Amino acid sequence: MAAQPLGSEKPFHIVSPLLESLSLSRAAGTKVYMKLENVQPTGSFKIRGIGHLCQEAARKGYWHFVCSSGGNAGMATAYAARKMGLPATVVVPSSTGPGTVHRLEELGATVEVYGKVWDEANQRALELVQNEGWASIHPFDHPSLWQGHASLVWELKDALETKPDAIVLAVGGGGLLAGVVAGLQQVGWLDVPIIAAETWGAHSFHAALEAGHLVTLPDITSVAKCLGAKTVSARALQCAQENRVISEVVEDTEAVRAVEQFLDDERMLVQPACGAALAVLYSGRLQQLQHKGCLRTPLGCVVLVVCGGSSMTMALLRDLKTQLGLE
């Protein structure tokens, strides 16, 4: 298939809405704005960086994209490939639900199931890119990816009257964190702290911060499969040395309860990965950080990155609640 003409290409992502949440503001004790990345064309922030990376790869002459992903990164790769008229192969671990596989195939991607967790699927993807003209589209660890994600911060700068006192986001492999840090550095918001949320059982970033070096978890035991990288990217750890990054780890039960609460409050269904960030606000952790002196008092406003919900359904939410004994 021939690619569309490339040059100063239009990005594949949209400028996502930034809305104040009264319910989250009440829970957090300060004004909370939601950066709604769940309304991106592929349902998550991933299209920002992956769209940018795919366009760059095509400019270099690559004509087939390969991505290892439990969902969101694969969706973004498949979407970008479809827009460009190029083929894509997405390697998913066996933990990926059939609904996600179906949506990937609907977008025209070839889906290969390999391994139990993302790390194993990624090994297979690295084998596939040995084919001539096939490009590796890493889900979270590439400078061009981070540059694409940095656009989120530029949008915040355009939309907010003053810089936020904190940005709350979820960390999986560290791509969103690296992109937000890049954006903060570019717009001159170096003093804005980031609260990085994970769930226990997918806490590779927290483990790395505690150890002072990269740590590989023995397994991903959390239900937040989109946070499921056993080892966070090296760049994520560097980000914590360059900017103020506060690590918060929540229980799976807190993340899933937060997903349900957010559905009631804002009428949006998001993934447990996003639930980890939501739980920081719903559980009073923001106020605890203020009491410890980690955040200023009072806070002007906080931005929550609503990172995505492309693979979430009501049936899955019910299954997760049953699995965690929340029914």
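Residues numbered from 1 in each chain as written. Predicted model: local features only at pLDDT ≥ 70, side-chain atom pairs only at ≥ 80, totals over all residues. Heavy atoms only, no water.

Under the annotation held in an unreviewed UniProt entry, the chain carries the name L-serine deaminase and is attributed to Penelope pileata.

Student: I tried to follow the overall build of the chain on my own but got confused; where do I start?
Tutor: Within the chain one finds 14 helices and 10 strands. What you see for the chain is a C-alpha radius of gyration of 19 Å, in line with the 20 Å of a compact globule of 327 residues. Dimensions along the principal axes, computed over C-alpha positions, put the chain at roughly 55 × 45 × 40 Å. Out of the 327 residues belonging to the chain, those deemed buried represent 60%. Considering only contacts within the chain whose residues lie at least 6 apart along the sequence, 71% involve residues at least 24 apart. Surface accessibility of the chain: about 13300 Å² in total, with carbon and sulfur atoms responsible for 50%. Counting 26 positive and 31 negative side-chain charges, the chain places the centres of these two groups 4 Å from one another. (Helix = DSSP H or I, 4+ residues; strand = E, 2+ residues; numbered from the N terminus. Rg over C-alpha atoms; globule rule 2.2 N^0.38 Å. Buried < 20%, exposed > 50% of the residue type's maximum accessible area, 1.4 Å probe, protein only. Contact = heavy atoms within 4.5 Å. Areas by Shrake-Rupley, 256 points an atom, 1.4 Å probe, with all protein chains shown as cover. Lys, Arg positive; Asp, Glu negative; His and termini not counted. Charge placed at Lys NZ, Arg CZ, Asp CG, Glu CD.)

Student: How should the confidence of the model for the chain be read in this particular structure?
Tutor: As a general rule, the predicted coordinates of low-pLDDT regions are not to be interpreted in detail. Within the chain, residue pLDDT values average 93, and 97% of them lie at 70 or more. Throughout residues 1–7 the model reports pLDDT below 50, and contacts reaching past four residues in sequence, or to other chains, amount to 14 contacts. (pLDDT = per-residue confidence, 0-100.)

Student: So what exactly am I meant to see when it comes to the domain arrangement of the chain here?
Tutor: You'll often see interface size given as the accessible area lost when the parts meet. Per the domain assignment, the segments making up the chain are domain 1 (18–45 + 142–324) and domain 2 (46–136). The C-alpha-based centres of domain 1 and domain 2 are spaced at 24 Å. Facing 26 residues of domain 1, the contacting portion of domain 2 comprises 17 residues. Taken over both partners, the interface formed by domain 1 and domain 2 buries close to 1900 Å², and the fraction arising from carbon and sulfur atoms is 55%. Sorting the residues of domain 1 by area buried against domain 2 places Thr 42, Phe 45 and Ser 144 first, and these three jointly supply 26% of that buried surface. Where domain 1 meets domain 2, there are two salt bridges. Here domain 1 and domain 2 share 12 residue pairs in polar contact (both at pLDDT 80 or more) between them. Looking at the side of domain 1 that touches domain 2 element by element, the count peaks at five residues for helix H6 (residues 143–149). The residue inventory of the side of domain 1 that touches domain 2, partitioned by class, reads seven nonpolar, 14 polar and five charged. (Domains from an automatic or database assignment. Buried area = accessible area lost by both parts, 1.4 Å probe. Salt bridge = Lys/Arg side-chain N within 4 Å of Asp/Glu carboxyl O. Polar contact = N/O pair within 3.5 Å; in protein donor to acceptor, adjacent residues only side chain to side chain. Nonpolar A, V, L, I, M, F, W, Y, C, P; charged D, E, K, R; others polar.)

Student: What exactly am I supposed to notice about the environment of Leu 126 here?
Tutor: Looking at where Leu 126 falls in the secondary structure, it is placed in helix H5 (residues 118–128). Given a relative accessible area of 36%, Leu 126 falls into the partly exposed group. With 108 residues separating them along the chain, Leu 126 and Ala 234 place their C-alpha atoms 18 Å apart.

Student: Quick question: what am I supposed to make of the packing of helix H9 (residues 204–211) against helix H10 (residues 234–242) here?
Tutor: How two helices sit against one another is set out by the angle between their axes and by the gap between those axes. Direction vectors running N to C along H9 and H10 enclose 55°, while the axes themselves pass 10 Å from each other. Considering their axes alone, H9 and H10 lie oblique with respect to each other. As for how H9 packs across H10, the hand of that crossing is right-handed. Note on element contacts: H10 touches H9 through Ala 236, Leu 237 and Ala 240, opposite Phe 205, Ala 208 and Leu 209. Of the residues belonging to the contact of H9 with H10, the class tally is six nonpolar, no polar and no charged. (Axes fitted to C-alpha atoms, helices over the stretch in contact; angles between N-to-C directions. Parallel < 35°, antiparallel > 145°, perpendicular 65-115°, else oblique. Left-handed = near helix turned anticlockwise from the far one by under 90°.)

Student: It is not clear to me how the pairing of strand E7 (residues 166–170) should be interpreted in this structure. Could you clarify?
Tutor: Sheet faces and side chains relate simply in a regular strand, where the side chains alternate between the two faces. Burial runs high along E7: five of the five residues are buried. Here E7 shows a buried face lined by Ala 166, Val 168 and Ala 170 and a second buried face lined by Ile 167 and Leu 169. Summarising the sheet, E7 and strand E8 (residues 194–199) pair through four bridges and their orientation is parallel. Directly across from Val 168, in E8, lies its bridge partner Ile 195. Crossover handedness for the path E7 to helix H8 (residues 175–187) to E8: right-handed. (Pairing = 2+ DSSP bridges. Right-handed = clockwise from strand over helix to strand, strands pointing away.)

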